[in-house]
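The chain contents come next:
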Amino acid sequence: MDGVLLAIVPKEAAPRTKSKRWQRLLYGRDPLHQEPDDAWTKVELLPRGCSLVVWNMRKQGPQRSIAFRRAMHAIIDRQRMIEELGDNWVYPAYGFYPNEQTPHEGDPYDPEYARVLLSEAGYDGTPITLMTHEGHEKDLRWIQQHCAIFGIEVRIEIATWQTIREPEVMNAADGILSCVVLAEDEVCLLEMYEQDGG
């Protein structure tokens, strides 16, 4: 034996290792991957969508108070969340359709106002249950830690992609953290609002 070569492949590259060309990951560029030449036009687009908490208004709990929901809106430091979690987030979301003004809009994070709103809501420390699927678990854990600073106990439920849409699963939570990505036209937005369980 001349030597042993160990390769540690990151999870995001793992699907490429299933081909018979995995050695290319070790020794240089894959000949199928081509860098664009200078004649290509570079186009950058922001995704049309955002992550949001959908509140369950059918269930009794603090989430039924508009002051509580506004407090939650003011509690989440979106810019800090992006900085700490990274991922593919670019800007704090202010709606489903980002535009050229999105990077310049102010973050609604306002801890003092959040405390006023919690008082106005008569919030008594009742825990809330937020649910998501495994793809957004670390986002929800970040929200849980941040809410604890304000005395809000967030209990987390993690569902699968399949079970999170089941009515009995959805109805068990006070809110669901989800990500909505829409096409360009308003029809998709209307369809989202009209869907069953939405």
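S.K.: Requested: an account of the overall build of the protein chain, with residues and values cited.
M.R.: Of regular secondary structure, the protein chain possesses eight helices and four strands. Along the chain direction, N to C, the helices and strands of the protein chain fall in the order α-α-β-α-α-α-β-α-β-α-β-α. The 198 residues of the protein chain split such that 29% are buried. Considering only contacts in the protein chain between residues 6 or more positions apart, those separated by 24 or more positions represent 76%. As displayed, the protein chain offers around 14000 Å² of accessible surface, 53% of which is attributable to carbon and sulfur atoms.

S.K.: Break down the nonpolar core for me, citing the residues and quoting the values.
M.R.: Within the largest apolar cluster, 25 residues are counted, with the highest numbers of intra-cluster contacts made by Phe 68, Met 72, Ile 75, Leu 118, Ile 128, Ile 143 and Ile 152. The set of elements that each furnish at least two residues to this core consists of α3 (66-75), α4 (78-85), α5 (111-120), β2 (128-133), α6 (137-148) and β3 (154-159). When sequence neighbours within four positions are dropped, the list of residues in contact with Ile 128 reads Trp 55, Pro 62, Phe 68, Met 72, Ile 152, Glu 153, Val 154, Arg 155 and Asp 174. Residues Met 131, Ala 159, Ala 173 and Ile 176 belong to the second largest nonpolar core, which totals seven residues.

S.K.: Can you lay out α3 for me, pointing to particular residues and giving the numbers?
M.R.: Along α3, the residues that are buried comprise Ala 67, Phe 68, Ala 71, Met 72, Ala 74 and Ile 75. What you see down the axis of α3 is that its buried residues fit within an arc of 165°, all on one side. Near the N-terminus of α3, the side chain that reaches the backbone nitrogen of Ala 67, with its oxygen 3.2 Å away, is that of Ser 65.

S.K.: Break down the pairing of β2 for me, with residues and values.
M.R.: Of all six residues in β2, six are buried; the element is thus mostly enclosed. The alternating pattern of β2 places Ile 128, Leu 130 and Thr 132 on one face and Thr 129, Met 131 and His 133 on the opposite face, and all of these are buried. As for the winding sense of the linkage, the β-α-β connection from β2 through α6 to β3 is right-handed. Bridge analysis of β2 against strand β4 (residues 175-181) gives two bridges, and the strand direction is parallel. Directly across from Leu 130, in β4, lies its bridge partner Gly 175.

S.K.: Kindly report on the packing of aromatic side chains, identifying the contributing residues and their values.
M.R.: Here a ring pair, both rings aromatic, is described through the centre-centre distance and the interplanar angle of the planes. Under the counting rule described, the total for this entry stands at two aromatic pairs. On the numbers, 6.2 Å between centres and 75° between planes, the contact of Trp 55 with Phe 68 is edge-to-face. In this pair, Trp 55 sits in strand β1 (residues 49-55) while Phe 68 sits in helix α3, placing the two residues 13 residues apart along the sequence. As far as burial versus exposure is concerned, Trp 55 and Phe 68 are alike and both buried. A centroid spacing of 5.3 Å and a plane angle of 35° characterise the contact between Phe 68 and Tyr 123, whose relative ring orientation is tilted.

S.K.: Residues and numbers for α5, please.
M.R.: Buried within α5 we find Pro 111, Ala 114, Leu 117 and Leu 118. Here the buried residues of α5 occupy an arc of 115° about the axis, which is enough to place them on one side. Within α5, the exposed residues directed more than 90 degrees away from the buried face are Glu 112, Ser 119 and Glu 120. Check the buried side of α5 and you find it contacts α3.

S.K.: For the pattern of salt bridges, give the residues involved together with the corresponding values.
M.R.: Pairing is possible between side chains of opposite charge, provided their charged atoms come close. Under the definition given, this model contains four salt bridges. Its salt-bridge partner being Arg 80, residue Glu 84 comes within 2.7 Å of it at the nearest N-O pair. Of this pair, Glu 84 and Arg 80 both sit in helix α4, four residues apart, which is roughly one turn of that helix. For Glu 84, a relative accessible area of 45% translates into the label partly exposed. When its relative accessible area of 34% is taken as the criterion, Arg 80 is described as partly exposed.

What counts, and at which threshold
Residues numbered from 1 in each chain as written. Predicted model: local features only at pLDDT ≥ 70, side-chain atom pairs only at ≥ 80, totals over all residues. Heavy atoms only, no water. Helix = DSSP H or I, 4+ residues; strand = E, 2+ residues; numbered from the N terminus. Buried < 20%, exposed > 50% of the residue type's maximum accessible area, 1.4 Å probe, protein only. Contact = heavy atoms within 4.5 Å. Areas by Shrake-Rupley, 256 points an atom, 1.4 Å probe, with all protein chains shown as cover. Core = buried A, V, L, I, M, F, W, Y, C linked by side-chain atoms within 4.5 Å. Arc of directions from axis to C-beta. Polar contact = N/O pair within 3.5 Å; in protein donor to acceptor, adjacent residues only side chain to side chain. Right-handed = clockwise from strand over helix to strand, strands pointing away. Pairing = 2+ DSSP bridges. Phe/Tyr/Trp six-rings, centres within 6.5 Å; stacked < 30°, edge-to-face > 60°. Salt bridge = Lys/Arg side-chain N within 4 Å of Asp/Glu carboxyl O.

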